[in-house]
Amino acid sequence: MNLIHRVRAIKQLNEDTFLMTIEAPEIADTGKPGQFVNVKCGGPHAYLRRPFSLCRIDRERGTFDIGVQIRGRGTEALSRFCENDPIDIMGPFGNGFSLNREDRRIAVVGGGIGVFPLLQLLREHPASEKLTLLGFRNRNQVVLEESFQNKSDELVVATDDGSYGARGFVTSLLESKLEESPVDRVFICGPALMMKHAVEICKAKSIPCEVSLEERMGCGIGACLGCACKVRLSDDWDYAHVCKDGPVFSGESIVFQE
Amino acid sequence: MNLIHRVRAIKQLNEDTFLMTIEAPEIADTGKPGQFVNVKCGGPHAYLRRPFSLCRIDRERGTFDIGVQIRGRGTEALSRFCENDPIDIMGPFGNGFSLNREDRRIAVVGGGIGVFPLLQLLREHPASEKLTLLGFRNRNQVVLEESFQNKSDELVVATDDGSYGARGFVTSLLESKLEESPVDRVFICGPALMMKHAVEICKAKSIPCEVSLEERMGCGIGACLGCACKVRLSDDWDYAHVCKDGPVFSGESIVFQE
Amino acid sequence: MENKIDLAVNIAGLSLKNPVIAASGTFGFGREYSAFFDLSRLGGIAVKGLTLLPRKGNPPPRIAETPAGILNSVGLQNPGVHAFIDDEIPFLRRYDTAIIANASGNTVEDYEEMVRILSEADVDAIELNLSCPNVKEGCMAFGSTASGIARVVSRVRKLCKKPLIVKLTPNVTDICELACAAEAAGADALSLINTLLGMAIDAKTRRPILGNVMGGLSGPAVKPVALRMVYQVSKAVKIPVIGMGGISNGTDVVEFLLAGASAVMVGTAGFVNPYAWVQAIEGLEQYMVENNCWSVSELIGGLIL
Amino acid sequence: MENKIDLAVNIAGLSLKNPVIAASGTFGFGREYSAFFDLSRLGGIAVKGLTLLPRKGNPPPRIAETPAGILNSVGLQNPGVHAFIDDEIPFLRRYDTAIIANASGNTVEDYEEMVRILSEADVDAIELNLSCPNVKEGCMAFGSTASGIARVVSRVRKLCKKPLIVKLTPNVTDICELACAAEAAGADALSLINTLLGMAIDAKTRRPILGNVMGGLSGPAVKPVALRMVYQVSKAVKIPVIGMGGISNGTDVVEFLLAGASAVMVGTAGFVNPYAWVQAIEGLEQYMVENNCWSVSELIGGLIL
Ligand SMILES: Cc1cc2nc3c(=O)[nH]c(=O)nc-3n(C[C@H](O)[C@H](O)[C@H](O)COP(=O)(O)OP(=O)(O)OC[C@H]3O[C@@H](n4cnc5c(N)ncnc54)[C@H](O)[C@@H]3O)c2cc1C
Ligand SMILES: Cc1cc2nc3c(=O)[nH]c(=O)nc-3n(C[C@H](O)[C@H](O)[C@H](O)COP(=O)(O)OP(=O)(O)OC[C@H]3O[C@@H](n4cnc5c(N)ncnc54)[C@H](O)[C@@H]3O)c2cc1C
Ligand SMILES: Cc1cc2nc3c(=O)[nH]c(=O)nc-3n(C[C@H](O)[C@H](O)[C@H](O)COP(=O)(O)O)c2cc1C
Ligand SMILES: Cc1cc2nc3c(=O)[nH]c(=O)nc-3n(C[C@H](O)[C@H](O)[C@H](O)COP(=O)(O)O)c2cc1C
Ligand code: FES
Ligand code: FES
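Overview of the structure. In this text, all values refer to a predicted model and were calculated from it rather than measured experimentally. (Residues numbered from 1 in each chain as written. Chains lettered and ligands numbered in written order. Predicted model: local features only at pLDDT ≥ 70, side-chain atom pairs only at ≥ 80, totals over all residues. Heavy atoms only, no water.)

A closer look at the site of ligand 3
All names here are of chain C. Neighbouring residues of ligand 3: 22 residues in total, closest S24, K167, G219, G246 and T268. Take G49: an N or O atom from its main chain is 3.1 Å from an oxygen atom of ligand 3. Within the backbone of G219, a nitrogen or oxygen atom sits 2.9 Å from an oxygen atom of ligand 3. Burial of ligand 3 by the surrounding chains reaches 98%, relative to a free accessible area of 600 Å². Residues that form the shell around ligand 3 fall into these classes: five nonpolar, 15 polar and two charged. (Near = heavy atom within 4 Å. Polar contact = N/O pair within 3.5 Å; in protein donor to acceptor, adjacent residues only side chain to side chain. Areas by Shrake-Rupley, 256 points an atom, 1.4 Å probe, with all protein chains shown as cover. Nonpolar A, V, L, I, M, F, W, Y, C, P; charged D, E, K, R; others polar.)

Written out as structure tokens, the structure is:
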């Protein structure tokens, strides 16, 4: 398997977030929305690879995009890549979101960098009606609004501080939207607390939902058992593994930690 | 002290050796032949700095050159720097070669990458007659011949395999040249074994000589006592430190290891 | 170039086509990495640490990155020895590589039972994990004193019908003392090092990064410690030593062989580079070609002082 | 912004203007780094390890680079305690920073004599080095058992007129046992960790890189082990703990304080970045500003579990 691909473009989205386009025909060919790639970020301090969700796939060009927020040494090193640089990427890994024809109306709910995997989901999902709810901390954090607009029948953006779009948490938006008209499935990605609340809202309305989880990874492919997350069994619980059993799980199955 | 300087040019000298020009007015101003700089090479695997001798100083432009042979992870990372890249360099450190007006005739003897510090020595030494003897493994390893030619009254190049210039070791050249006509001082830099032999030759002829030593360094400034080398005392021996007491030592004072 | 280089080694009756083994806990049961290369290329596979009953392991996060290394607190999550025998051995036996069962227990009786079961199973050797830092009972408690090691090893020795490898912890004052205790009690070979006990803290949240607070350090950062211990132990005992800790490439393999190891294990490096295992073999072979070395035995313990 | 942040700490009577101390053996006697910054900015300076008589140290090479770390086998090269007092203290006293004398010996009597001499000298504290891995006798022999530590510390305690810091080796099974032994014997504070014993081999030459074969590992690579030990020890004893091992910046300092250290030492990182010491102080201060923290004591042991 060839792991060395090529950076095709880097586009700054805001102060600390950028979109990287990578040429990798095999990944573009087989990648599904919700899957992730595991990237060697380089730099003297990032030893392990870092996982990033497929954000947009261009199968014709043989490229895909990842959206990256600079959070620490790995993402910092990644931000220094330039066009045409070789880049070491493994993937695509994980299961991806469900793409059911029966789901006619869907809602996607994204918070912060959790919005990234939802874009490709919107691009590929066969539903006829797509509602998109995105939450950001403030106006400066809003990213990819136009791209989401293009792929949604309705898009609502909220900011925690009201500096852009609706004021408040995206979960409140979800609650009131579901009140107005229910959907067949909700797809959620964002901070753990946000996902927890969103899942509770869906549960209360008996609407099935899927969440995309994050966990610190070792191998990224299921060999090290590093990326455990707690899942409900019928009368017990167990650990599943985000890289292999996920990163997408049915919202009901996850035991969110405090 | 500002440690961040700028790469001005990189020039390949042969397959595994390059010359790097660095803009650093303070280092160019104060640097003396035989002194070295301590360079953060970057890359994921080189933690410590690496020492390189000042090879050529251009005080007007405020730049200096180092000649670098790729030997391992640090020099490998260094070879990837590009023009205009910032580079973290400490120096100049060490004592440098003696520049005595009384030394009218001098010989410099360089082996392999040991030739580098000798170029700036030739450029600055006040002697009226300068003999330069350079030894390389083979024709492909010969570097900077023209620069040395320009600064020497006589230049002889030898290669171990005779593929260029004289055949054999530079120490044999030294021996026969000193036979022909003695000099006031010999300056030697190269592999340990070569320096050992060269010093013995000088000793036999009672000609004072100076050698520039290499040793693995921690701090590069005399604080860690890492770079010890064995020196002769009148009736005993002690450790001196290459970074602070050297890298240039009088040839007679050094106890060369087997 | 005609290649007559002999990479094979024999560790106390366990014959390996080459000295590179996948380290326990980093390679699962081989399935994941079989997508990247033919497992038959490996000298052997030490499977994920097994216990009598299935174990869930420790709470997440279980991985923290540290300078040139990682901490893990997986805590022996595994499906239990019976599921291993039923579900994993058949898969592994499709490949021509040695299977090493890594066994842990809470009590001496656990270890005995594990060895009894595994002696009847289709595995090529048993590696006794007396050194896992991530579980409360067992393991380290036995593994960090000579008397603990002597007790467990002498008891299982009587039941063990396979080559018995004892894996040692580096978190001790005198690893040679432990190595000698294992040898005297009947170990056929030793493997070392397991992980160094460490910890990572997130200054922002003021919390430990690992759910289990402490974890085991592995990867390149530990290589100097591992190399030193392999050197010391292989001088102290007569049985073969399998070296590991931070090995990432063929040069690292050579260093461990020179220090006295008869074979090596590669773990953490494979997380970053899934070809680390095969590249370690290729790198070793290349070194041997370049240095006119025709058999691995010429390198073992070949350090020049 | 008005800065009311209080960086001062008091370690068993030793008051430091801030908790960052230069680690012994990495800072000489301060002269070299005084060309880079004002030594008065430091909380303190632990000088190069001293012995009664001058020592030449070990044969070169004495330094080997390892992943994110270094090995050293300097072996306590120093001019002897008398030369230190005559030639170095006057220089150091030009700066407003605490002087910590790091003392080693081959015998208990050596240690007693060192402490007797240093108690009369113009130093602010004595750090007993019971943990140098680079010398054959003394040090590690005493330092790696509780009884050895108890013996040396209780004997010097009677003679010591300065705050007495005992420096511990990490190359032990149970560092808490040693820490408690030092506390019981009268140590005023503990400092840890000294270096981890390690080794590096050059595959090309098949020789050890260090002239002394083995050496002490320091730098970022050891940070997780150091942090774990500081955490364990500061829970086990009541006396203050000075933490070190791989600290390179302010965030690292915060992590050690959270783990329980009352002050820290910075060593190897300064070889790469001569401003590491002052940047560690500045980074700590910045963290405190950003986190509304007005006194270092709010951070010490502040780990949230
Ligand atoms: C399946 C999956 C998909 C992801 N997709 C994206 C994406 O599309 N875009 C994006 O910007 N980020 C994504 N992340 C998160 C991203 O992997 C982390 O932000 C990144 O690993 C941080 O690396 P760092 O070196 O910059 O941070 P570090 O310096 O390692 O740590 C900084 C902080 O980042 C967080 N972090 C570190 N490692 C991880 C990890 N493996 N998972 C989650 N958080 C971590 C921790 O809170 C830590 O405190 C995803 C994570 C997972 C598991
Ligand atoms: C005072 C001084 C001046 C020097 N001047 C020059 C110069 O002008 N041009 C040049 O090409 N090289 C010079 N060197 C040597 C240069 O520092 C080393 O080649 C370099 O440090 C190797 O780094 P690396 O990471 O590539 O090698 P590594 O991967 O660290 O090791 C590869 C090999 O390089 C050698 N080596 C490693 N560190 C040192 C060291 N500190 N000193 C000597 N050898 C070492 C060892 O033999 C080792 O096996 C000088 C060394 C000293 C001490
Ligand atoms: C994620 C992880 C899980 C591990 N699990 C086990 C285990 O179950 N049994 C065991 O004996 N060693 C286990 N180890 C230790 C490794 O087998 C090996 O001893 C150690 O990681 C050092 O080698 P390395 O640096 O090449 O990884 C584990 C290591 C890691 C990183
Ligand atoms: C080159 C060198 C010399 C050292 N000499 C001494 C010493 O003389 N006495 C001592 O107690 N510790 C000595 N140490 C250990 C350091 O003081 C410190 O405990 C260790 O290096 C860990 O900290 P660091 O990772 O910040 O360097 C030395 C360390 C190095 C790297
Ligand atoms: S990261 Fe290794 S199992 Fe998921
Ligand atoms: S390298 Fe530190 S004293 Fe010379």
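Moving on from the coordinates now.
Looking at the sheet that holds strand β6 (residues 63–69) of chain B
Residues and elements named next belong to chain B. Taken together, seven strands build an open sheet; the order of strands is β4-β3-β7-β1-β2-β6-β5 and the sheet is antiparallel. Looking at which strands have only one partner, the edges of the open sheet turn out to be β4 (50–53) and β5 (56–58). The mean inter-strand angle of the sheet, taken between neighbouring strand axes irrespective of direction, is 35°. Sheet topology places strand β3 (residues 36–39) next to strand β7 (residues 86–93); three bridges connect them, and they run antiparallel. Paired with N38 across the strands is M90, a residue of β7. Running over the sheet, helix α3 (residues 116–124) touches β1 (4–14), β2 (17–23), β4, β5 and β6 and is turned about 50° from β5. (Pairing = 2+ DSSP bridges. Helix = DSSP H or I, 4+ residues; strand = E, 2+ residues; numbered from the N terminus. Axes fitted to C-alpha atoms, helices over the stretch in contact; angles between N-to-C directions. Contact = heavy atoms within 4.5 Å.)

Some remarks on the interface of chain D and chain C
Contacts between the two partners involve 42 residues from chain D and, on the opposite side, 42 residues from chain C. Summing both partners gives a buried area of about 3700 Å² for chain D against chain C, and 68% of it is carried by carbon and sulfur. The largest contributions to the chain D side of the interface with chain C come from D:M199, D:I201 and D:R206, which together make up 19% of the buried area. Seen at the junction of chain D and chain C, the total is zero salt bridges. At the boundary of chain D with chain C, the tally comes to 11 residue pairs in polar contact (both at pLDDT 80 or more). Going through the elements one at a time, β11 (196–199), β13 (207–208), β14 (214–218), α6 (223–236) and α7 (250–259) of chain D are the ones with two or more residues in the side of chain D that touches chain C. Residue composition of the side of chain D that touches chain C, by class: 28 nonpolar, 10 polar and four charged. (Buried area = accessible area lost by both parts, 1.4 Å probe. Salt bridge = Lys/Arg side-chain N within 4 Å of Asp/Glu carboxyl O.)

Brief notes about the environment of B:P247
Residues and elements named next belong to chain B. Take P247: it is sitting in the loop between β15 (237–241) and β16 (248–250). Exposure remark for P247: the relative accessible area of 4% places this residue in the buried category. Residues P247 and S212, spaced 35 residues apart in sequence, show a C-alpha to C-alpha distance of 5.1 Å. Aside from chain neighbours lying at most four places away, what touches P247 is G34, F36, G94, N95, V211, S212, L213 and V242. (Buried < 20%, exposed > 50% of the residue type's maximum accessible area, 1.4 Å probe, protein only.)

What about the site of ligand 4?
Residue and element names in this part refer to chain D. If you check the shell around ligand 4, you find 22 residues, and the closest are S24, K167, G219, G246 and T268. At 2.9 Å, a side-chain N or O of N102 approaches an oxygen atom of ligand 4. Residue G219 places a main-chain N or O atom 2.9 Å away from an oxygen atom belonging to ligand 4. In isolation ligand 4 has 600 Å² of accessible area, and contact with the protein removes 98% of it.

So, the sheet that holds strand β5 (residues 56–58) of chain A
Residues and elements named next belong to chain A. Strand order in the open sheet formed by seven strands is β4-β3-β7-β1-β2-β6-β5, with antiparallel pairing between adjacent strands. With one partner strand each, in any of the chains shown, β4 (50–53) and β5 form the two edges of the open sheet. The mean inter-strand angle of the sheet, taken between neighbouring strand axes irrespective of direction, is 35°. In this structure, β5 lies alongside strand β6 (residues 63–69), joined through three bridges in antiparallel fashion. The residue of β6 that forms the bridge with R56 is D65. Contacts from helix α3 (residues 116–124) reach β1 (4–14), β2 (17–23), β4, β5 and β6 within the one sheet, and its direction differs from that of β5 by about 50°.

Details of the pattern of salt bridges
Per the stated rule, a full pass over the model turns up 57 salt bridges over all chains. Among the salt bridges present, the one from B:E179 reaches B:K205, with a minimum N-O distance of 3.2 Å. Within this pair, whereas B:E179 is found in helix α5 (residues 170–180), its partner B:K205 is found in the loop between α6 (192–204) and β13 (209–212), the two being separated by 26 residues in sequence. Its relative accessible area of 56% is what places B:E179 among the exposed residues. Among the ionic pairs, C:E113 bridges to C:R116, the shortest N-O distance being 2.7 Å. With C:E113 and C:R116 both in helix α2 (residues 108–120), this residue pair falls three residues apart, about one helical turn. Here C:E113 falls in the partly exposed class, since its relative accessible area comes to 30%. In this structure C:R116 comes out as partly exposed when scored by relative accessible area, which is 42%.

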